[in-house]
Amino acid sequence: MFPESQKLDQRQFRSFASCQEWCDANPRCKGVAVSPANWALRECFLVGTTHITARSGWTASFLSDCDQGCYTSWEQNVGMFPESQKLDQRQFRSFASCQEWCD
């Protein structure tokens, strides 16, 4: 969805409004991305770019050209990386099993 270098911060998802308020507090933030609702731990990501690629289940909103607090409508199905970069996927079991699977 966005380059790792553009991820400013991340935290557990509370609400769409709280993600936007959190972005307002960071002068480098250009928008927020929210991980899919079916993740065991849903997260809010502050991003320093408006260039985000499609990714199923993700949601994003960006600051628009106005004073602080103005955002675009929430966009569905945006994600962390281009589909062409996905090697494989499976259901989450544990962080350790993901690492073992990757190794």
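Because the structure is a prediction, the values reported are computed rather than measured. (Residues numbered from 1 in each chain as written. Predicted model: local features only at pLDDT ≥ 70, side-chain atom pairs only at ≥ 80, totals over all residues. Heavy atoms only, no water.)

*Asks:* Explain the state of the cysteines residue by residue, including any values.
*Replies:* By definition, a disulfide links two cysteine residues through a covalent bond between their sulfur atoms. According to the stated counting rule, one finds 2 disulfides in the structure shown. Between C19 and C44 runs a disulfide, and the two sulfur atoms are separated by 2.3 Å. Of this pair, C19 sits in helix α1 (residues 16-24) while C44 sits in strand β3 (residues 43-47), and the two are 25 residues apart along the sequence. Here C19 and C44 have matching classes, each one buried. Paired through a disulfide, C23 and C29 show a sulfur-sulfur distance of 2.0 Å. Handedness here is read from the sign of the S-S torsion; for C23 and C29, about -110°, the answer is left-handed. (Disulfide = S-S within 2.5 Å. Helix = DSSP H or I, 4+ residues; strand = E, 2+ residues; numbered from the N terminus. Buried < 20%, exposed > 50% of the residue type's maximum accessible area, 1.4 Å probe, protein only.)

*Asks:* Give a detailed account of the packing of aromatic side chains, specifying residues and quantitative values.
*Replies:* Evaluated as defined, the whole model comprises 3 aromatic pairs. Aromatic side chains W39 and W58 sit 5.3 Å apart centroid to centroid with 85° between the ring planes, which places their arrangement in the edge-to-face category. Here W39 is found in the loop between β2 (31-34) and β3, whereas its partner W58 is found in strand β4 (residues 54-62), with 19 residues between them in sequence. With a centroid separation of 5.5 Å and 45° between ring planes, the pair formed by F45 and W58 is classed as tilted. With F45 in strand β3 and W58 in strand β4, the pair connects residues that are 13 residues apart, well separated along the chain. Like F45, the residue W58 is buried in the burial classification. Three or more aromatic residues joined by ring pairs form one cluster here, namely W39, F45 and W58. We note R42 situated over the ring of F13; from NZ or CZ to the ring centre the distance is 4.6 Å. (Phe/Tyr/Trp six-rings, centres within 6.5 Å; stacked < 30°, edge-to-face > 60°. Lys NZ or Arg CZ within 6 Å of the ring centre and 35° of its normal.)

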